[in-house]
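Here is how the chains run, residue by residue.
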Amino acid sequence: MEFRPKVWTSLGLGLAVLGSTSLTACGADTSENTAPVSETLSVTESGETGEGGEAGERGESGEGGHANPGALPRPLRLAFMTGHVEAGLALYRAGEPGMAAKHLLHPVSETHAAERAGLDELGFRAELFEAVSKALDEGLAASEIEPQLQAAEANLAGVAEKAGGDPVEIITFLMNTINEEYAVGVTDGAVTDPGEYQDAYGFAIVARDRAVAFEGEAGESVRAEIETLIGLWPGTPPVPTDDPMPLSTISAQTSLVLLELTGVQ
């Protein structure tokens, strides 16, 4: 998909406080070598969100230097886990099972158990993801287990529906997380951390799913900007490419998503 540039004199867009979470869209003039400057979620010891600083201040560091995702409120934690799964499923279907395996471990491994806390009561079925993991180990092609892949996706969608949460808050969290992941994944015009590059794509897919909750023209505008964002991964996403979009392009587009979100509040 071709990137549709929109000209704004400034993309340092101050967004409204969403519930107890204060988030700010990142400026389009962000350099490719520096993570976008943004206010992101902070999590108190009780698990409630509050105004916070950088990701490193949100608690004990987890994968990729991120705050412990297990400390996030359940709707955000589920969105985070689902983003990894979506990246893994896309890679599996693209014929890259080796790349997919890391991402698809989130729903089944003990390492990521904190992400799954409290999801069983919402209908999370770990056995579906265990079957996918087993298929990976056995070297089966994604086409051979497509029904199982679809069942795993449907299960996460059902859990997300029961988990609830404010879709504006969830998508805002995802946009900020995309900026953070992509800043690590792409530097100096090259994919330097394939896992983070792929995760950022997965989070964009989750944002698209959450945006179905929005009605009317405002909802259509949000979804259109998210589709444009997804199209910024060239080739067969999220397989790494020799010519990734620069961080400034990604952060400009996430800012446009955030801008359109103000119309659905």
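See the structure printed just above.
Residues numbered from 1 in each chain as written. Predicted model: local features only at pLDDT ≥ 70, side-chain atom pairs only at ≥ 80, totals over all residues. Heavy atoms only, no water.

Notes on helix 8 (residues 247–261)
Right, on to step 1. Taking 1.5 Å per residue as the helical rise, helix 8 with its 15 residues ought to reach 21 Å, and the 21 Å between its terminal C-alpha atoms agrees with that figure.
Right, on to step 2. The buried fraction of helix 8 amounts to 13 of the 15 residues, a majority that puts the element mostly inside the structure. (Helix = DSSP H or I, 4+ residues; strand = E, 2+ residues; numbered from the N terminus. Expected span 1.5 Å × (residues − 1). Buried < 20%, exposed > 50% of the residue type's maximum accessible area, 1.4 Å probe, protein only.)

What about the layout of surface pockets?
Empty space among the atoms becomes apparent when a probe as large as a water molecule is rolled across them.
Right, on to step 1. As a volume, the largest pocket reaches approximately 220 Å³.
Right, on to step 2. Around the largest pocket, the lining is made up of 14 residues, and of these A160, E161, G164, R210 and A213 lie nearest the centre.
Right, on to step 3. Those elements that provide at least two residues to the lining of the largest pocket are helix 1 (74–93), helix 4 (146–163), helix 5 (167–185) and helix 6 (194–210).
Right, on to step 4. Among the elements that make up the lining of the largest pocket, the one with the highest residue count is helix 4 (4 residues).
Right, on to step 5. Its residues placed into classes, the lining of the largest pocket shows 9 nonpolar, 2 polar and 3 charged. (1 Å grid on protein atoms, 1.4 Å probe; cavity = no way out; pocket = protein on both sides within 12 Å on 5 of 7 lines; lining within 4 Å. Points joined across faces, edges and corners; volume = space filled by probe spheres on them. Nonpolar A, V, L, I, M, F, W, Y, C, P; charged D, E, K, R; others polar.)

Regarding the packing of aromatic side chains
One pair of aromatic rings is described through two measures. These are the centre distance and the angle between the planes.
Right, on to step 1. Here the structure, examined in full by the defined rule, presents 6 aromatic pairs.
Right, on to step 2. Where Y182 meets W233, the ring centres are 5.7 Å apart and the plane angle is 85°; that geometry is what we call edge-to-face. Remark: W233 occurs in the loop between helix 7 (216–230) and helix 8 and Y182 occurs in helix 5; sequence separation between them is 51 residues. Each member of the pair, Y182 as well as W233, carries the same accessibility label: buried.
Right, on to step 3. The interplanar angle of 70° and the centroid separation of 5.6 Å between the aromatic rings of Y201 and W233 together place this pair among those described as edge-to-face. Here the residue Y201 occupies a position in helix 6, and W233 occupies one in the loop between helix 7 and helix 8, the gap between them amounting to 32 residues.
Right, on to step 4. Take Y201: its relative accessible area is 10%, and that puts it in the buried class.
Right, on to step 5. Among the aromatic side chains, those forming a connected cluster through ring pairs are Y182, Y197, Y201 and W233. (Phe/Tyr/Trp six-rings, centres within 6.5 Å; stacked < 30°, edge-to-face > 60°.)

So yeah, pure geometry; function would need other evidence.
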